[in-house]
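What the coordinates show
Chain residues, written in single-letter form:
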Amino acid sequence: MRMKSGTWVWLVILVGLGFLLSCSTNSSSSSSTGALYVTTQGDALVSPFSVNLGTGVIAANGTGVATGTTPSAIILTPSGDAAFVANRDSNDISRYTIKSDNTLTAVSGNTPTGTTPVDMAIDSAGHFLFVANRGSDDISVFSIGSGAGLTEIAGSPFSTAPNPVAVTSSGSFLYVANNVSGVISAYSVDSAGALTPVPGPSFTAGTTPSGVAVTPDGKFLYATNSGSNNVSAFMINSDGSLTSISGSPFSAGVGPVSPRVDPSGLFLYAADEQSNQVSQYKISSTTGTLTAISPPTISTGVNPVWLAIHPGGKYLYVANIGGASISAYTLNTTTGVLGVVGSPFTTGGQPAAIALK
């Protein structure tokens, strides 16, 4: 059947409109802007920044919001709708909801913890917040509700000797580093968030373990040892116990802290606080062995204390507590090599922790 010319014209117009609508929908569903949040101890604030996901450049996004005293750690819920800040010297957690423009709204009333909270972890499902309390030698566990709500679970706090903590993505196991004894403690996590020690001997790291990180697949754990200037590597067994990896520990710079694994699980980075650099490693996907990337390090600002990798895996940011700045880097997802993004970005005094979305 032959179609009239007028009908053809309308068909072309309708197809064109459909194409434009599709393009518009696809464009609006993707975002070219991320968010970065930094805690600064000098002014007791958490400040929001926007992240240009095309370049890695950050820029201020509104004003900072008050924290408690000496904000030392920050973490976001997996959904990115809430943020929690551990306040080391006021022994509590500040809570925030994250608005659509990625600015923060403080939730009234900080949540008490044990003494001297210094680190936090959240399982990938966003069910529980684990808080390491250095002063009271225990772990506080909270169930996470809507609107940044926190409810301490039955049995919390759980006695241990904590400093940094990390949880497997499955939420099945929690690991705690003791920076005095050099031991990594392992716990199973039940469906209510309660902790039970994993049976077996202690798992020894190096001197003064200052940070722990778990690969996304839950196969390997890495601990930075700021006292022995190296990184201990462990295989995570099915029961949650740890087995030291051949060749461990692996050399780092001076005073390594804040280990971070990229989203692919292929690369590990550590901030060398006393040598003002980031050490970068390739992770063997089969053995967990670390191999220094070439070049093995890249310079930072003064006293880098916290690393954060954007969930997209393309950018890494460093809080330089001695330099009142954030250093930004591109992350080559094939080689793992970091590249500098402009000059360090100025922050308030003593930036201590970073979170990204």
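This section reports on the structure supplied with the text. Small disclaimer: the values here were computed from a predicted structure and weren't measured.

Right, let's get into the packing of aromatic side chains. In the structure shown here, the tally under the stated rule is one aromatic pair. Ring centres of Phe128 and Phe130 lie 6.4 Å apart, and the angle between their planes is 55°; on these two criteria the pair is classed as tilted. Overall, the relative accessible area of 10% leaves Phe128 in the buried class. Given the relative accessible area of 1%, Phe130 is considered buried. Sitting over the face of the ring of Trp306, Arg260 holds its NZ or CZ atom 5.1 Å from the ring centroid.

Take the pairing of strand β7 (residues 92–98) next. β7 sits mainly inside the fold: six of its seven residues count as buried. Summarising the sheet, strand β6 (residues 82–87) and β7 pair through six bridges and their orientation is antiparallel. The residue bridging Ala86 from the neighbouring strand is Ile93, located in β7. Direction of pairing for β7 relative to strand β9 (residues 111–112): antiparallel, over a ladder of two bridges. Note on β9: the bridge partner recorded for Asp92 is Pro112. Note: β7 against strand β8 (residues 104–106), three bridges, orientation antiparallel. Bridging across to β8, Ile98 finds its partner in Leu104. Count of turn residues in the β7/β8 antiparallel hairpin: five residues, of which Asn102 carries a positive phi of about 70°.

Within the element layout of this structure, Thr300 appears in the loop between β28 (290–299) and β29 (304–309). In this structure the side chain of Thr300 is engaged in a polar contact, spanning 3.4 Å, whose partner is the backbone nitrogen of Gln277. Once residues lying within four places of it in the same chain are set aside, the contact partners of Thr300 are Asn276, Gln277, Val278, Val318, Asn320, Ser327 and Tyr329.

Rules of the game
- Residues numbered from 1 in each chain as written.
- Predicted model: local features only at pLDDT ≥ 70, side-chain atom pairs only at ≥ 80, totals over all residues.
- Heavy atoms only, no water.
- Phe/Tyr/Trp six-rings, centres within 6.5 Å; stacked < 30°, edge-to-face > 60°.
- Buried < 20%, exposed > 50% of the residue type's maximum accessible area, 1.4 Å probe, protein only.
- Lys NZ or Arg CZ within 6 Å of the ring centre and 35° of its normal.
- Helix = DSSP H or I, 4+ residues; strand = E, 2+ residues; numbered from the N terminus.
- Pairing = 2+ DSSP bridges.
- Polar contact = N/O pair within 3.5 Å; in protein donor to acceptor, adjacent residues only side chain to side chain.
- Contact = heavy atoms within 4.5 Å.

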